[in-house]
Amino acid sequence: MVSRVKTIAFQGVEAIPVDVQVMIAPGKMGIQIVGLADKAVAESRERVQAALHASGLSMPPKKVTVNLAPADLPKEGSHYDLPIALGLMAALGAIPSDALSGFVVLGELSLDGMIASVAGVLPAAMGANAQGMGLICPADCGAEAAWASGEMPILAPRSLIQLANHFRGTQVMARPEPAIRAAPEDLADLSEIKGQTIAKRALELAAAGGHNLLMVGPPGSGKSMLAARLPGIMPALSARELLEVSMIASIAGELAGGKLSDRRPFRAPHHSASMAAMVGGGLRARPGEVSLAHRGVLFLDEFPEFTPAVLDSLRQPLENGESVIARANHRVTYPARFQLVAAMNPCRCGMAGEPGHSCARGPRCVTDYQARISGPLMDRIDLRVDVPAVTAFDMIRPAPAETSGTVKARVERARAIQAERYEGLGLEGAVLNATCPASVIETAAAPDDAGARLLKDAAEQMKFSARAYHRILKVARTLADLDGDDTVRRIHLAEAISYRIAGERLRSAA
């Protein structure tokens, strides 16, 4: 007799159905696992035997064969422990043979029979719900699974004994409730930044339209402080975005206690990060920083200190909104619609362009340092602002500054205007000005006559690429949305162009 249990394998955030088939037959005592299993799955036979023994069940003195079908699909991870154990218990008659027919099962077993948490429970629950099935998962992941549907049956046991008692009717488990992580109370506020009026304006513009931002300034001018306050002025995640972000975090095993958060991700990897850490990869093709920052912010401090190969690997995700990891036997795609915010010093010594300072190597110090960032990557950055050193006057007698709440209200109004506009144009999903297709932005951001003449003259004199032309239109459209103006005017385009050429002004100052 063959007992069957449904589980899943992960390809990116997609849950692929896997059939765990367990057969007990005459032969040498032991468990044999087949079906292209990796080392973690192969070791599950030891964990399963120990967990069954701790739960009061002994292995039969026969040969146990476990087949993970389809056999040509790679199986990775420790979440196959629980379905293998339940399939073996069903074959032994410890639980009713038909009890598992309506469930997808995943979980890792401890040697004492307890069920440990695993990564990927939320996408597994979404996949089970799409198949019209329930889910059995570890107790620590139950709150996470409950977000998939309010009606699908979910069992979240702490041990094999508890699950067996439930199926025998001697113990009833309550359905877990979805949980959300409370927002931290000590969020950094924009009013704490002294001076830097232009940088604050650029930060608000970046939050309103989803634009990429580069801040250039000497050490201690407040670039990292400004970036850290960007999530505080961005709107909370919508329900759809919340699930998208949480599915990636679940695959990466970063959902603490199964609780979801509606705060936008803010990722700040060190400049020594490898390409696999940045865009995803490794032995099991895990999501990288660009995917973990999906619908949020990827902050790269000391921008030129990242290796050129790592920086250039960001070009495709910035353009397409996804990270594609190709392997010899499979291809994985993770969503990566993130907002790039970078900070850098103007040169290696950090003080180029500052009054009273000069680089020992002269203009070459600036040129060599900034040349570490390729032109195609720089072309994808919409806003480039100088962040000069804060003056003593700003420190001693700071002018009254707006709070993050005030700026966030303007950002939310601008984003509501964008959502209404692009929904009316038939675009689906959370479309912002920065992610609007070029064919649509030419209509949505059509400038008035004076603005069109300014844009034409600027494009001819500064030799803008086609990408730069469209990105200037997108920034101008966001400026108009912040002003509540239906028309993109000359003043909006002039400001958008000024953000585009800030890097050129820096080089000439040095």
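Presented here is a report on the structure given in the accompanying data block.

Criteria and cut-off values
- Residues numbered from 1 in each chain as written.
- Predicted model: local features only at pLDDT ≥ 70, side-chain atom pairs only at ≥ 80, totals over all residues.
- Heavy atoms only, no water.
- Helix = DSSP H or I, 4+ residues; strand = E, 2+ residues; numbered from the N terminus.
- Buried < 20%, exposed > 50% of the residue type's maximum accessible area, 1.4 Å probe, protein only.
- Contact = heavy atoms within 4.5 Å.
- Core = buried A, V, L, I, M, F, W, Y, C linked by side-chain atoms within 4.5 Å.
- Axes fitted to C-alpha atoms, helices over the stretch in contact; angles between N-to-C directions.
- Parallel < 35°, antiparallel > 145°, perpendicular 65-115°, else oblique.
- Left-handed = near helix turned anticlockwise from the far one by under 90°.
- Nonpolar A, V, L, I, M, F, W, Y, C, P; charged D, E, K, R; others polar.
- Pairing = 2+ DSSP bridges.
- Disulfide = S-S within 2.5 Å.
- Salt bridge = Lys/Arg side-chain N within 4 Å of Asp/Glu carboxyl O.
- Expected span 1.5 Å × (residues − 1).
- Arc of directions from axis to C-beta.

**Description of the overall build of the protein**
Phase 1 of the analysis: Along its length, the protein carries 22 helices and 16 strands.
Phase 2 of the analysis: Taking the principal axes of the C-alpha coordinates as reference, the protein spans close to 85 × 50 × 45 Å.
Phase 3 of the analysis: Put simply, the protein has 510 residues, and 51% of those count as buried.
Phase 4 of the analysis: Considering only contacts in the protein between residues 6 or more positions apart, those separated by 24 or more positions represent 73%.

**What to know about the nonpolar core**
Phase 1 of the analysis: If you look at the biggest cluster of nonpolar residues, it comprises 50 residues, and the most contacted ones within it are Leu213, Met215, Leu230, Val341 and Leu493.
Phase 2 of the analysis: The dominant element in this core, judged by the number of residues it contributes, is helix α20 (residues 466-482), at 8 residues.
Phase 3 of the analysis: Once residues within four sequence positions are removed from consideration, Val341 is found in contact with Leu213, Met215, Ala227, Leu230, Val297, Leu298, Phe299 and Leu300.

**Here we look at the packing of α20 against helix α21 (residues 490-500)**
Phase 1 of the analysis: Here α20 crosses α21 at 125°, and the two axes come no closer than 8 Å. On the basis of the axis angle, α20 is oblique to α21. In the crossing of α20 with α21, the sense of the turn from one axis to the other is right-handed. Facing Ala468, Arg471, Ile472, Leu473, Val475, Ala476, Leu479 and Ala480 of α20, the residues of α21 in contact are His492, Leu493, Glu495, Ala496, Ile497 and Arg500.
Phase 2 of the analysis: Looking at the contact of α20 with α21 residue by residue, the classes come out as 10 nonpolar, 1 polar and 3 charged.

**Notes on the sheet that holds strand β12 (residues 297-300)**
Phase 1 of the analysis: Sheet architecture is open: 5 strands sit in the order β11-β12-β15-β10-β16, paired in parallel fashion. Taken across any chain shown, the strands that pair with only one partner, and hence form the sheet edges, are β11 (266-267) and β16 (383-386).
Phase 2 of the analysis: Pairing analysis gives 4 bridges linking strand β10 (residues 213-216) to β16, with the strands arranged parallel. Looking at β16, one finds that Val216 is bridged to Asp386.

**A word on the state of the cysteines**
Phase 1 of the analysis: Under the definition given, this model contains 0 disulfides.
Phase 2 of the analysis: For Cys137, which is in no disulfide, the shortest distance to another cysteine sulfur is to Cys141 and amounts to 5.9 Å.
Phase 3 of the analysis: A disulfide-free cysteine, Cys347 has its sulfur positioned 3.2 Å from the sulfur of Cys349, the nearest such atom.
Phase 4 of the analysis: Accessibility expressed as a relative area gives 0% for Cys347, which makes it buried.

**With respect to the pattern of salt bridges**
Phase 1 of the analysis: Applying the stated criterion across every chain yields a total of 26 salt bridges.
Phase 2 of the analysis: The closest approach of N and O atoms between Glu244 and Arg295, which form a salt bridge, is 3.1 Å. Placement of the pair is Glu244 in helix α9 (residues 239-251) and Arg295 in the loop between α11 (289-292) and β12, with a sequence separation of 51 residues.
Phase 3 of the analysis: On the basis of relative accessibility, which here comes to 17%, the residue Arg295 falls in the buried class.
Phase 4 of the analysis: Ionic pairing is found between Asp379 and Arg500, a salt bridge with its closest N-O pair at 2.6 Å. Separated by 121 residues along the polypeptide, Asp379 in the loop between α15 (375-378) and β16 and Arg500 in helix α21 bring together distant segments of the chain.

**Describing the packing of helix α19 (residues 449-462) against α21**
Each pair of packed helices can be summarised by the angle the axes make with each other and by the distance between the axes.
Phase 1 of the analysis: With their axes 8 Å apart at the nearest point, α19 and α21 run at an angle of 25° to one another. Relative to α21, α19 is oriented roughly parallel. Where α19 abuts α21, its residues Ala450, Gly451, Ala452, Leu454, Leu455, Ala458 and Met462 lie against Arg490, Leu493, Ala494 and Ile497.
Phase 2 of the analysis: For the contact of α19 with α21, the per-class residue count stands at 9 nonpolar, 1 polar and 1 charged.

**Let's talk about the pairing of strand β15 (residues 339-344)**
Phase 1 of the analysis: Most of β15 is tucked away: 6 of the 6 residues are buried.
Phase 2 of the analysis: Every second residue of β15 is oriented toward a common face, with Gln339, Val341 and Ala343 on one face and Leu340, Ala342 and Met344 on the other, all of them buried.
Phase 3 of the analysis: Across 4 bridges, the pairing between β10 and β15 is parallel. From the neighbouring strand, Leu214 faces β15, where its bridge partner is Ala342.
Phase 4 of the analysis: Note: β12 against β15, 4 bridges, orientation parallel. Residue pairing across strands places Leu300 opposite Ala342, the latter belonging to β15.

**Observations regarding the environment of Ala69**
Phase 1 of the analysis: For Ala69, the location among the structural elements is in strand β4 (residues 63-69).
Phase 2 of the analysis: Residue Ala69 is classed as buried on the basis of its relative accessible area of 17%.
Phase 3 of the analysis: C-alpha separation for the pair Ala69 and Pro17, spaced 52 residues apart in sequence, amounts to 8.8 Å.

**Looking at α19**
Phase 1 of the analysis: Across its 14 residues, α19 extends 20 Å between first and last C-alpha, which sits within 8% of the 20 Å expected from 1.5 Å per residue.
Phase 2 of the analysis: Taken together, the buried positions of α19 are Gly451, Leu454, Leu455 and Ala458. All buried residues of α19 lie within an arc of 95° about the axis, which places them on one face of the element. Exposed and facing more than 90 degrees away from the buried side of α19 are Asp449 and Arg453.
Phase 3 of the analysis: Elements in contact with the buried residues of α19: α20 and α21.

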